[in-house]
Amino acid sequence: DDPGTGRTEAGTGEAQQRDPWQTGLTTRTGSGGTSEDYNLEAFVASDVSLQQHLGDQMVLAIADPVDRLVAQVLIDNLDDAGYLRLDLDDTAERMGIDRARLDGILAVLQTLEPTGVFARSLAECLKLQLIEKNRFDPAMEKLIDNIDLLARHDHAALRQVCGVDDEDLKEMIAELKALDPK
């Protein structure tokens, strides 16, 4: 490549303009390399998985080695959307720990980023995100508890259950829609 001309390597027989999204961004790598050493495709391909990201956080959040092993099992059993689809009673029994200990480990894992990970349902995922935003008040809790009414667009029932007026309900629904369900 000739960085001064904006042309690609010879070999294709054609001179083409560089596309920074295909050949790399114009930054230094920090290791003495030039922008030619940085390739976005390589960066994206080496991006860490959700499980790796959570594992890195988990070792900082959980000190006990046994709890770390249990946490890693939970991390390994997340689905692609970040939901935990395990039967927790069965998991505790198979691992030889009591359910309260498993619940405590899960509670710590639910504080990791991204917020909402390790939820066991959509409602729990939304609740975790609202708690993190300090927006999980009693009215919002009732909305989450009655998410089936929201799915049916039964706003009259939701207003009654949540104890809010139409404007407040619209704001609450807008807040829920701004959250990430996965």
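Residues numbered from 1 in each chain as written. Predicted model: local features only at pLDDT ≥ 70, side-chain atom pairs only at ≥ 80, totals over all residues. Heavy atoms only, no water.

Asks: How should I be thinking about the overall build of the protein in this particular structure?
Replies: When its secondary structure is counted, the protein shows 11 helices and 0 strands. If you list the helices and strands of the protein from N to C, you get α-α-α-α-α-α-α-α-α-α-α. Within the protein, contacts between residues at least 6 apart in sequence are counted, and of these 43% link residues at least 24 apart. (Helix = DSSP H or I, 4+ residues; strand = E, 2+ residues; numbered from the N terminus. Contact = heavy atoms within 4.5 Å.)

Asks: I would appreciate a short explanation of the pattern of salt bridges in the present structure.
Replies: Proximity of charged atoms lets side chains of opposite charge pair with each other. Under the definition given, this model contains 12 salt bridges. With a closest N to O distance of 2.7 Å, D89 and R99 form a salt bridge. Here the residue D89 occupies a position in helix α5 (residues 88–95), and R99 occupies one in helix α6 (residues 99–109), the gap between them amounting to 10 residues. Judged by its relative accessible area of 29%, R99 falls in the partly exposed class. Close ionic contact of R94 with D90 constitutes a salt bridge, the shortest N to O distance being 3.1 Å. Of this pair, R94 and D90 both sit in helix α5, 4 residues apart, which is roughly one turn of the helix. Judged by relative accessible area, R94 falls into the exposed class, the value being 58%. Since its relative accessible area comes to 36%, D90 is described here as partly exposed. In the salt-bridge network here, residues are joined through shared partners; they are D64, D67 and R101. (Salt bridge = Lys/Arg side-chain N within 4 Å of Asp/Glu carboxyl O. Buried < 20%, exposed > 50% of the residue type's maximum accessible area, 1.4 Å probe, protein only.)

Asks: Where do I start with the nonpolar core in this structure?
Replies: Soluble globular proteins tend to bury their nonpolar side chains together. Core analysis: the largest hydrophobic core is formed by 19 residues, its most contacted members being L54, M58, L74, L102, I105, L109 and F118. Broken down by secondary-structure element, the contributors of at least two residues to this core are α3 (50–61), α4 (65–76), α5 and α6. Not counting residues up to four positions away in its chain, the partners in contact with L102 are V70, L74, L88, T91, A92 and I97. Residues L130, M140, L143 and L149 belong to the second largest nonpolar core, which totals 17 residues. (Core = buried A, V, L, I, M, F, W, Y, C linked by side-chain atoms within 4.5 Å.)

Asks: Teacher, can you tell me more about the environment of A156 here?
Replies: Relative to the helices and strands, A156 resides in helix α10 (residues 155–162). For A156, a relative accessible area of 45% translates into the label partly exposed.

Asks: Got a minute to help me understand the packing of α3 against α4 in this structure?
Replies: The packing of two helices is summarised by the inter-axis angle and the distance between the axes. Between α3 and α4, the least distance of the axes is 10 Å, while the angle of their chain directions is 160 degrees. Accordingly, the angle class assigned to the pair α3 and α4 is roughly antiparallel. Between α3 and α4 the crossing geometry is right-handed. Residue-level inspection shows Q51, L54, G55, M58 and V59 of α3 in contact with α4, the latter providing R68, A71, Q72 and I75. Taken together, the residues of the contact of α3 with α4 sort by class into 5 nonpolar, 3 polar and 1 charged. (Axes fitted to C-alpha atoms, helices over the stretch in contact; angles between N-to-C directions. Parallel < 35°, antiparallel > 145°, perpendicular 65-115°, else oblique. Left-handed = near helix turned anticlockwise from the far one by under 90°. Nonpolar A, V, L, I, M, F, W, Y, C, P; charged D, E, K, R; others polar.)

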